[in-house]
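Architecture and fold: a report
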Amino acid sequence: MTLLSKAITALGGLLLGHACYSAREHTTLLSLRAATAATLTSSPTAAGSLPLDIIIETIVSTFIILVGLVLGTRPLRPIEWRVWAGKIEREGEEGFTDSSGAVDKDFVGNPFSLLEARPNFVDIRKQRRDFSEWVRKGDAQRAQ
Amino acid sequence: MPSEQELQISPIVQESVMHNSRTLYNLQSLTASLFGVSAGILGLESYSGFLFYLVFSLLTAVLVYVLRVAPTSLAGGKPPLDTSRYFRSPFEFWTGGLMNGLAGYILTWTLFYGLVRA
């Protein structure tokens, strides 16, 4: 995604630079012609408008850069608490990465983790089973 | 603006609000300078320059809506052109860019006008 947006922005920038250079050359040429004409006849300098292709190129390149920049913005986050918490529950860290794939610095994690880690709700039998499993495995390894 | 009762029923995550408006603000100030560049190249003057800015900042809002807001917002059951999933007020989203980027726009507009037409 980020490579795509950078490529689009670079393409648009190239076009915009070309349009800028063309417009500069056009006005320079026009003022030069006006200056030479002024020496012959004392007519005022013609305020020339740009050719149609430069205008089209400028507008199209602006639009291309705009699309690239919008594609490169960081993903938005839901502002309603229930939507936001649901997104965290469903997607975890993957839902809160920036455009380069790293997890955002201000990602706070599951807002309900405090509730889920309450001591009253600890499954003590499961923990005891896990612990005895671990002890038995350690004994078996030492016996070998 | 939602009433206090509605805020109690469906609370708002303050960090998400800040993150979204900062993202939008960064994009708007960046694109405003870009529009200034192209307006300067086109050699726009007075009202047509401001009209150009108006049109392109509305276009930015539409593009952000289409590319960033709409895919999840429509899937979440919101009506079209509704940004309440990500922004508190629709005015902030649709017209906030007009004020945020105006200074940068005029700066680059005059600069490039001078560079190209000098």
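Conventions and cut-offs
- Residues numbered from 1 in each chain as written.
- Chains lettered and ligands numbered in written order.
- Predicted model: local features only at pLDDT ≥ 70, side-chain atom pairs only at ≥ 80, totals over all residues.
- Heavy atoms only, no water.
- Helix = DSSP H or I, 4+ residues; strand = E, 2+ residues; numbered from the N terminus.
- Contact = heavy atoms within 4.5 Å.
- Areas by Shrake-Rupley, 256 points an atom, 1.4 Å probe, with all protein chains shown as cover.
- Lys, Arg positive; Asp, Glu negative; His and termini not counted.
- Charge placed at Lys NZ, Arg CZ, Asp CG, Glu CD.
- UniProt positions renumbered as here; feature names shortened; annotations may be inferred.
- Core = buried A, V, L, I, M, F, W, Y, C linked by side-chain atoms within 4.5 Å.
- Buried < 20%, exposed > 50% of the residue type's maximum accessible area, 1.4 Å probe, protein only.
- Salt bridge = Lys/Arg side-chain N within 4 Å of Asp/Glu carboxyl O.
- pLDDT = per-residue confidence, 0-100.
- Buried area = accessible area lost by both parts, 1.4 Å probe.
- Polar contact = N/O pair within 3.5 Å; in protein donor to acceptor, adjacent residues only side chain to side chain.
- Nonpolar A, V, L, I, M, F, W, Y, C, P; charged D, E, K, R; others polar.

**Thoughts on the overall build of chain A**
If you tally the helices and strands in chain A, you get five helices and zero strands. Walking chain A from its N terminus toward its C terminus, one meets helices and strands in the order α-α-α-α-α. Within chain A, residue pairs in contact and separated by at least 24 positions form 60% of the contacts whose partners lie at least 6 positions apart. As displayed, chain A offers around 10,100 Å² of accessible surface, 62% of which is attributable to carbon and sulfur atoms.

**Quick word on the overall build of chain B**
Within chain B, the regular secondary structure consists of five helices and zero strands. Helices (α) and strands (β) of chain B occur, in sequence order from the N terminus, as α-α-α-α-α. Judged by the C-alpha coordinates and their principal axes, chain B covers about 60 × 25 × 20 Å. Relative to all contacts within chain B whose residues are 6 or more apart in sequence, the contacts with residues 24 or more apart total 69%. A total of about 6,200 Å² of accessible surface is found on chain B, and carbon and sulfur atoms cover 69% of it. Each charge sign in chain B was given a centre, from 6 positive and 6 negative side chains, and these centres are 10 Å apart.

**Quick notes on the UniProt feature "transmembrane region" (unreviewed entry) in chain A**
Per the UniProt record, "transmembrane region" (unreviewed entry) is annotated on residues 54–72 of chain A. Along residues 54–72 of chain A, the helical share is 95% and the strand share 0%, with 27 Å between the first and last C-alpha atoms.

**As for the nonpolar core**
Among soluble globular proteins, nonpolar side chains are generally buried collectively. Phe-35, Ile-41, Phe-52, Phe-93 and Tyr-105 of chain B are the most contacted members of the largest nonpolar core, which has 38 residues in total. When residues of this core are traced back to their parent elements, those giving at least two are α1 (2–40) and α2 (52–71) of chain A together with α2 (14–42), α3 (46–75) and α5 (102–117) of chain B. Setting aside residues no more than four positions away along its own chain, Phe-35 of chain B makes contact with Thr-62 and Leu-66 of chain A together with Phe-52, Tyr-53, Phe-56, Ser-57, Thr-60 and Tyr-105 of chain B. Counting residues in each nonpolar core, the second largest holds six residues, with Trp-84, Ala-85, Phe-96 and Phe-107 of chain A among its members.

**What about the pattern of salt bridges?**
All names here are of chain A. With the rule as written, the count across this model stands at four salt bridges over all chains. As a salt-bridge pair, Glu-80 and Arg-82 come within 3.8 Å of each other at their nearest N and O atoms. Taking relative accessible area as the criterion, Glu-80 reaches 15% and is therefore assigned buried. According to the relative accessible area criterion, Arg-82 is exposed, its value standing at 56%. For Arg-142, the salt bridge is made with Asp-139, and the minimal N-O distance between the two is 3.8 Å. On the criterion of helical spacing, the pair formed by Arg-142 and Asp-139 is a turn pair, its members being three residues apart in helix α5 (residues 124–143).

**Here's the deal with the environment of Glu-94 of chain A**
All names here are of chain A. In this structure, Glu-94 sits in the loop between α3 (81–91) and α4 (113–116). For Glu-94, a relative accessible area of 64% gives the class exposed. The sequence separation of Glu-94 and Asp-104 amounts to 10 residues, and the corresponding C-alpha distance is 9.9 Å.

**Here we look at the side chain of Glu-80 of chain A**
By the element assignment, Glu-80 of chain A lies in the loop between α2 and α3. The contacts of Glu-80 of chain A, once residues within four sequence positions are left out, are Pro-11, Val-13 and Lys-78 of chain B.

**A closer look at the confidence of the model for chain A**
For chain A, per-residue confidence averages 82 on the pLDDT scale, and residues scoring 70 or more make up 87% of the total. Note on residues 43–47 of chain A: pLDDT is under 50 here. Beyond four places in sequence and across chains, it has four contacts.

**Notes on the interface of chain B and chain A**
The interface of chain B with chain A comprises 39 residues on the first partner and 33 residues on the second. In total, chain B and chain A occlude about 3,400 Å² of area from one another, counting both sides; carbon and sulfur atoms represent 74% of this. Of all residues in chain B, His-19, Ile-41 and Arg-68 of chain B bury the most surface against chain A, accounting for 19% of the area lost on that side. Here chain B and chain A share zero salt bridges between them. Connecting chain B to chain A are nine residue pairs in polar contact (both at pLDDT 80 or more). Ranked by residues supplied to the side of chain B that touches chain A, first place goes to α2 of chain B with 16 residues. Tallied by class, residues from the side of chain B that touches chain A come to 23 nonpolar, nine polar and seven charged.

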